[in-house]
Amino acid sequence: MEPVLTQAQVPLTAQDSLVAIMITVSASDEDMRTAELITIQRVVNHLPVFATFDPDRIPNIAQTVFDLLEEEDGLDALFGLVKDALPEKLYETAYALACDVAAADGTLDESELRLLEEIRYELNINRLHGAAIEQGARARHMTL
């Protein structure tokens, strides 16, 4: 009998990795707000990088993220899976999507800021590029 792979052992695709990063940011403050979830859905439905992505995969990706985050070194494992699947040319895209999800509800708490810092570090995002991406996210999510 073949061993059954758990969700966390199934390799991610590049698109799965982008979704996993967004879900991780939303879950980082242990309160996945509606605005964040709508942002994830909107991104998946409209950005060209997701043109061939099956949105029905989102619940499985979310479960993988949740399972990993419950483990002691789960965030490191998640970053390993993401970096294995995501082409380097999409690292800034991943960070931009993370910033959009973090800014979606109009507030950034300490856990989201720490996670964004960790994503910048793990994906080797240039400090100046990171600041520009963050400013763009702020500008897109401003309210009157």
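Details of the structure are given in the entry above.
Keep in mind that this is a model prediction, so the values were computed, not measured. (Residues numbered from 1 in each chain as written. Predicted model: local features only at pLDDT ≥ 70, side-chain atom pairs only at ≥ 80, totals over all residues. Heavy atoms only, no water.)

Undergrad: How do you make sense of the nonpolar core when you look at a structure like this?
TA: The tendency in soluble globular proteins is for nonpolar side chains to be buried side by side. By size, the foremost hydrophobic cluster in this structure holds 42 residues, and its most contacted members are Val19, Met22, Ile23, Val25, Val44, Phe50 and Ile119. Among the elements of the structure, α1 (14–27), α2 (34–46), α3 (58–70), α4 (74–85), α5 (91–103), α6 (110–122) and α7 (127–140) are those that each provide at least two residues to this core. Tallying contributions element by element places α5 first for this core, with 10 residues. (Core = buried A, V, L, I, M, F, W, Y, C linked by side-chain atoms within 4.5 Å. Buried < 20%, exposed > 50% of the residue type's maximum accessible area, 1.4 Å probe, protein only. Helix = DSSP H or I, 4+ residues; strand = E, 2+ residues; numbered from the N terminus.)

Undergrad: Help me understand the side chain of Glu112 in this model?
TA: Among the structural elements, Glu112 can be located in helix α6. For Glu112, which is buried and forms no salt bridge, the nearest opposite charge comes from Arg33, at a distance of 4.8 Å. Excluding anything up to four places from it in sequence, Glu112 contacts Val25, Ser28, Asp29, Glu36, Ala102 and Thr107. (Lys, Arg positive; Asp, Glu negative; His and termini not counted. Salt bridge = Lys/Arg side-chain N within 4 Å of Asp/Glu carboxyl O. Contact = heavy atoms within 4.5 Å.)

Undergrad: Please explain the packing of aromatic side chains as it appears in this structure.
TA: Each aromatic ring pair is specified by the distance between its two centres and by the angle formed by the two planes. A complete count under the given rule lists one aromatic pair for this structure. Centroid distance Phe50 to Phe53: 5.6 Å. Interplanar angle 70°. Geometry classified as edge-to-face. (Phe/Tyr/Trp six-rings, centres within 6.5 Å; stacked < 30°, edge-to-face > 60°.)

Undergrad: In this structure, what is going on with the environment of Glu88? I would like to understand it.
TA: Relative to the helices and strands, Glu88 is located in the loop between α4 and α5. The sequence separation of Glu88 and Gln63 amounts to 25 residues, and the corresponding C-alpha distance is 25 Å.

Undergrad: When you look at the environment of Gly130 in this model, what are you seeing that I'm missing?
TA: Secondary-structure assignment places Gly130 in helix α7. Gly130 gets classed as buried once you look at its relative accessible area, which sits at 0%. Each C-alpha atom, one on Gly130 and one on Glu117, is 9.4 Å from the other, the two residues being 13 residues apart in sequence. Filtering out sequence-adjacent residues up to four positions away, Gly130 remains in contact with Tyr95, Arg120 and Ile125.

Undergrad: Would you take a moment to explain the environment of Met22 for this structure?
TA: Locating Met22 in the fold gives a position in helix α1. The exposure class of Met22 is buried, given its relative accessible area of 0%. Each C-alpha atom of the pair Met22 and Leu90 lies 14 Å from the other, and the pair is 68 residues apart in sequence. In this structure Met22 touches Ile40, Val43, Val44, Phe50, Leu97 and Val101, once residues within four positions along its chain are discounted.

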